[in-house]
Amino acid sequence: MASTGQQTASLKRRDSLVTREGDQLIITPLGAGNEVGRSCVYMSYKGKTVLFDCGIHPAYSGMAALPYFDEIDPSTIDVLLVTHFHLDHAASLPYFLEKTTFKGRVFMTHATKAIYKLLLSDYVKVSKVSVEDMLFDEQDILRSMDKIEVIDFHQTLEVNGIRFWCYTAGHVLGAAMFMVDIAGVRVLYTGDYSREEDRHLRAAELPQFSPDICIIESTYGVQLHQPRHIREKRFTDVIHSTVAQGGRVLIPAYALGRAQELLLILDEYWSNHPELHNIPIYYASPLAKRCMAVYQTYINAMNEKIRNQFANSNPFDFKHISPLKSIDNFGDVGPSVVMASPGGLQSGLSRQLFDKWCSDKRNACVIPGYVVEGTLAKTIINEPKEVTLMNGLTAPLNMQVHYISFSAHADYAQTSTFLKELMPPNILLVHGAANEMGRLKQKLISLFADRNTKIITPKNCQSVEMYFNSDKMAKTIGKLAEKTPEVGENVSGLLVKKGFSYQILAPDDLHIFSQLSTANVTQRITIPYSGAFGVIKHRLKQIYESVESSTDEESGIPTLRVHDRVTVKQESENHISLHWTADPISDMVSDSIVALVLNASREMPKVVVESEPVVDEAEEEKKAGKIIHALLVSIFGDVKFGENGKLVINVDGKVAQLDKQSGEVESANEGLKERVKTAFRRIQDAVRPIPPSAS
Amino acid sequence: MGTSVQVTPLCGVYNEDPLSYLVSIDGFNLLIDCGWNDHFDTSILHPLSRVAATVDAVLLSHPDTLHLGALPYAMKHLGLSAPVYATEPVFRLGLLTMYDHYLSRKQISEFDLFTLDDIDSAFQNITRLTYSQNYHITGKGEGIVIAPHVAGHLLGGTVWKITKDGEDVIYAVDFNHRKERHLNGTVLESFVRPAVLITDAYNSLNNQPSRRQRDQEFLDAVMKTLRADGKVLLPVDTAGRILELILILEQYWAQHHLTYPIFFLTYVSSSTIDYAKSFLEWMSDSIAKSFEHTRDNAFLLKHVTLLINKSELDNVPDGPKIVLASMASLEAGFSHDIFVEWAADAKNLVLFTERGQFATLARMLQSDPPPKAVKVTMSKRVPLVGEELIAYEEEQNRMKKEEALKATLIKEEESKATIKADLPVGDAMVIDAGTTHTSSDAAVMHGDAYRDILIDGFVPPLSSAAPMFPFYDKSSEWDDFGEIINPDDYVIKDEDMDQAFMPVGGDIDAKFDEGSASLMLDTTPSKVVSSELTVQVKCSLIYMDFEGRSDGRSIKSILAHVAPLKLVLVHGSAEATEHLKQHSVKHVCPHVFAPQIEETIDVTSDLCAYKVQLSEKLMSNVLFKKLGDYEIAWVDAEVGKTESDMLSLLPLSNPAPAHKSVLVGDIKMADFKQFLASKGVQVEFAGGALRCGEYVTLRKVGDASQKGGAAAIQQIVIEGPLSEEYYKIREYLYSQFYSL
């Protein structure tokens, strides 16, 4: 685990890198890289993350069967897309949804969702592993059902800027190929697909847009399928001859998907061969009956033939095939045909029957589909002499083993034509055994030799990094676009990004073209101020260049407009108000005005003197009297206050009387009189520089 | 300039006539809906007939006659030949609706406007789309993308979104925002600010009670009648609202273990339910969910018996029962006959679940007070007997003779022409045509037929070498190894087994119900006998709105939410249209149009737009702020050109000029109050203003209800004395916005 832990860290680091360099696209198979089983492919571009499929490896059990989820941070995944209901594509979903930090959205088609539940409930019941090895239980499945959303074929959905839609994939009922579009880069994930129409399914569609990257399955590598009618003939011939010789036929098959196709073939063959009517065909899966309702309902996901037939009778209402509940209800007398799950003969009913029948050479086992590496079915294809039974004993393998593939996977012919028509510049191969995949890669390289097509076969947890230079285009609309600008002109406006589309517009248009709206905040603040409005105006003019005065139209109150931003109004004797529309600069201007007004208020006492001159004069007079007295003392020495507010100056016995108001001096001594007069005039000049008459 | 968009109503404006509108987008003519009324009145199709040939594509929105009824007739007689687009249920159920109409009409009249084959061929080339599938139109309409979206109302019902160059034209009529038993509500509200919205005013004056209440009243009325030993007739449409009604009844019957029989009687009832069963993908989430969990198909009916023939109903013992029969208009179909039978019994109930079309019997009965007696025409198709039969046969023969003669003459003309044109191959074809024409006309025509051949076949073309049937000697090619083998001849056909397996089935073969088939394929000569009679209407008549359309109030709020730049109103009585128009001008957008029939209005958006590339250098300096789904930033850029001659935006070479700052965001007073309260500020609403703390007040001014107009910029006034509190609250207010 230590090593994987490190890888996790490195991948997560890369994640943060992705958000910085938005143009890097990363694809990492967490499963199905150079193997078949546990399909799970991680993709990330421009900070958006998509996970395709969420399967388990049918050959392993418990945690070992899971894809390498610890490579990624499940909480970062935006969308999880599940292509079809097979266990190797969908079975780790309950675990991933319920036991990890995943919180994105999950999508699958209607039919897939309906069968997913049945199939997984069955899987939980059938798998015989210890409780601690159980990845999830019935409850987890039910809870996961509530989280799964459905998507119809061709329906385009958008989640978090990721646009995606799906195409019919053939393969099984409800199987889809997903096309994901992130910021114009398209990735097609085929899942399992088949380009051949069969009895009930449509062939995979060819998408109308070529993707930039195609993640494609390579199950059959360079093999070619036999034509369908030959396979069907071989199949029916083997069965016919075996039962005719009194043998039993075991068809181990996946409970759902191909089984329905084989049943359609068998039912029809029996109808055409009355001699076989006494030989029973059993379909030994309890899922069979339960899934019929699903098959009957989603006929719109099937091909035209079935839909037309449906108009007459239900084609899935088999006449010669009866369900078989368990091996206990099975008499096993004489020849019979039994179709049983699981397809890999790992356990369950198919294995029980195999153990029972394998040593009789009259019997036959027909393996009708792809078998996963590591299962018993894969082993017996090579026809070993002996096999190990479930109870651990070995037994000779005498029964005939036929491998007739009906699995609806594309073969080389289909894959190459599909890719040739689609022309993706990058091809990623997944879901194929390493050697098959390698051969396919070589063949595709030579096929696309003349073109610069990259073909990549990453192993599990091996990231593929690609770079896409997507030009960001913006649409300029509304008032801003009234005139298309010339080169060199300036464009200013709001750049609005939604998903991956950009618009440039004028702020006024914002509410027209988006759900956003703009707002104007008008502010009005009142400040106590009782001074003259003129003072404010004066001060403002000293600071600001543009101050216009006018009067308010309604009330006739004088107003000032500063820099066309803030209006100052004298609301009443004691208040002025400030008025402006919020914006950083206006806020600043208004703050400075507020400061200025407050300052003006603080200096008020000085201004008040002028407004109340009477009180002040007296005090001033007193103060002036004191000063005059003090100055006179400093000059003449002995100065006393006489009656009538006169000052009596006594210099060396000579006395002079000074009238402070008029400045007249009375003295016997003419010299002293003149000196006092001069001194008083000078003192007056100093104390009252401006004659009262001037002010 | 933007994409040019013109809308021309062809039918269904200022009244409740069927819907049919021509929308022209940059010269590409889309016919949206192609409806007809239950009278099949050809006069209302005149406007359509004038433009049918110029239509480039047809979009259908709902599977009922009002929306697609005229399609077969227009295809056959009016020269409509454009590809048709619809959802799968609209296609299937629409087809069944048309079958039902044809069969009902044929039963009571010599209906000859279209035949079953016309219906089939009209529906054959419908391209079926799924919801939110973006379909790119190729050819003439290159660049136009059409996408159906959920409309509610009927199964498969569609709101069409037509997009070109990023501008959306949305056609949404008869939508239902409410979730019902079998349908999800419309997604119309998810479209915001489309360039043009075309919608109907049909329900703008109607208001509905809640669904629960309405359902209860419905069931009460039904149960009351049944318990009083009466019979209930519900005249319904063929394959639309009936599905909802059936589910209501099924559910109620199951819950209360009722045993009163319910019958669903149309010519196509069993097919309707069969298809309904397979359309779960199109139905409501709850139906899909219940199927996923329990595999219980909601349309696996346990209490409703499907009938396709009235005689089956007649065999049912008399007693209380419910019959759902088509047509809703009571003009034709089983409902008409049953009404005539049951109307005179006061115990019975006729419950209308939708408003009857104008001038139909249903509409008459829905008037208040209901008429005491109504005159109806009972018509019946009876086989011809005796003299009439002989006369008919003679007439037929005479007609055939005339036809044949005409054909012969034409053939002669043609053959002369071809002889002149010297085309022996053409001759051969003429002979073919001649023989098929005549041989089908049975023995009477033998002589003529032979003469035809003689004349046609054996007049030697002037240049021909021998007077023979055209015969080509197939000389085999040889090479050194003998005759050349064409490997194709020896290939075993892949399809062989399939063909054995599959019975032959055409594309459209809706399971034909026995009765209708017998009637249709019955070639025994028959005639329609009509008699006028007056029916005393003693039974109770109730009308309840189960139309599944949004009511007036919801329509208005949806319109205000969608807030299109331009709004076109169609379909709805004059008052309803006028009412909605007045309302919309005030509350939705200033550009509201309600055109008259054949009046073309130009709703081209007056938007200007151009595309620019955003250079990497510019984008690396842009800091986006996230606001919900949007990210937003202010850019100052200089315009440049890329190599491919595209305009591109580059960073400014000199410092950016200052711009007036923009506050982006939407503030709800109530939310803000909460926010302030959470910050410990005392807040309360007083006189329309928010008082915050002791002195500061916050007001929202301006006309907030007008969303579309220019006044959509919110005006917020914050007032208060100079205090610390003022600045604190201002700070909080600013925190609600992004300043750019």
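Residues numbered from 1 in each chain as written. Chains lettered and ligands numbered in written order. Predicted model: local features only at pLDDT ≥ 70, side-chain atom pairs only at ≥ 80, totals over all residues. Heavy atoms only, no water.

In the nomenclature of an unreviewed UniProt entry, chain B corresponds to Cleavage and polyadenylation specificity factor subunit 2 from the organism Escallonia herrerae. Heading Sequence similarities (unreviewed entry) of the UniProt record for chain B holds this comment: "Belongs to the metallo-beta-lactamase superfamily. RNA-metabolizing metallo-beta-lactamase-like family. CPSF2/YSH1 subfamily." What the UniProt record of chain B gives under Subcellular location (unreviewed entry) is the line "Nucleus". (UniProt positions renumbered as here; feature names shortened; annotations may be inferred.)

Looking at an unreviewed UniProt entry, chain A carries the name Cleavage and polyadenylation specificity factor subunit 3-I, with the source organism given as Escallonia herrerae. In its Subcellular location (unreviewed entry) section, UniProt records this for chain A: "Nucleus".

So what's going on with the interface of chain B and chain A? Residues and values would help.
Listed by partner, the interface residues are 97 residues for chain B and 97 residues for chain A. Each partner contributes to the roughly 8900 Å² buried at the junction of chain B and chain A, and carbon and sulfur atoms together form 55% of this total. Where chain B meets chain A, there are 5 salt bridges. In this structure, B:E292 and A:K113 form a salt bridge, with 2.9 Å as the shortest nitrogen-oxygen distance. Our count for the contact surface shared by chain B and chain A stands at 29 residue pairs in polar contact (both at pLDDT 80 or more). Examining the composition of the side of chain B that touches chain A, we find that 12 residues originate from one element, strand β27 (residues 630-641) of chain B, more than from any other. Partitioning the side of chain B that touches chain A into residue classes produces 51 nonpolar, 19 polar and 27 charged. In terms of strand pairing, strand β24 (residues 490-498) of chain A meets β27(B) through 9 bridges, oriented antiparallel. Considered in β27(B), the bridge of A:S492 is made with B:D636. (Contact = heavy atoms within 4.5 Å. Buried area = accessible area lost by both parts, 1.4 Å probe. Salt bridge = Lys/Arg side-chain N within 4 Å of Asp/Glu carboxyl O. Polar contact = N/O pair within 3.5 Å; in protein donor to acceptor, adjacent residues only side chain to side chain. Helix = DSSP H or I, 4+ residues; strand = E, 2+ residues; numbered from the N terminus. Nonpolar A, V, L, I, M, F, W, Y, C, P; charged D, E, K, R; others polar. Pairing = 2+ DSSP bridges.)

Before we move on, can you summarise the pairing of strand β12 (residues 248-252) of chain A with the specific residues and values?
Residue and element names in this part refer to chain A. Summarising burial for β12: 5 of the 5 residues are buried, a large majority. The side-chain alternation of β12 yields two buried faces, one formed by R248, L250 and P252 and the other by V249 and I251. For β12 and strand β15 (residues 336-340), the ladder comprises 5 bridges, and the chain directions are parallel. Paired with V249 across the bridge in β15 is V337. Pairing of β12 with strand β16 (residues 364-367) involves 2 bridges; the strand directions are parallel. The partner of V249 across the bridge, within β16, is A364. (Buried < 20%, exposed > 50% of the residue type's maximum accessible area, 1.4 Å probe, protein only.)

I'd like a description of the side chain of B:N37, backed by residues and values.
Residues and elements named next belong to chain B. Here N37 shows up in the loop between β3 (28-32) and α1 (46-51). Given a relative accessible area of 10%, N37 falls into the buried group. Here D41 takes part through its backbone nitrogen, which lies 3.3 Å from a polar atom of the side chain of N37. Discounting residues that sit within four places of it in the chain, N37 has contacts with P18, I44 and Q357.

Mind laying out helix α22 (residues 724-735) of chain B, listing which residues take part and the relevant values?
For α22(B), with 12 residues, the first-to-last C-alpha span of 17 Å sits near the 16 Å given by 1.5 Å per residue. Here α22(B) has its buried residues at B:Y726, B:I729, B:R730, B:Y732, B:L733 and B:Y734. (Expected span 1.5 Å × (residues − 1).)

Explain the sheet that holds β15(A) residue by residue, including any values.
All names here are of chain A. Across the sheet, which stays open at both edges, the 6 strands sit in the order β14-β13-β15-β12-β16-β19 with parallel pairing between neighbours. Here the strands that pair on one side only, and so sit at the sheet edges, are β14 (321-323) and β19 (400-403). Between one strand axis and the next, the sheet turns by 20° as a mean value, whatever way the strands run. Across the face of the sheet, helix α6 (residues 228-244) comes into contact with β12, β15, β16 and β19 while running at roughly 145° to β12. Lying over the sheet, helix α7 (residues 258-272) contacts β12, β13 (281-284), β14 and β15, oriented at roughly 165° with respect to β15. (Axes fitted to C-alpha atoms, helices over the stretch in contact; angles between N-to-C directions.)

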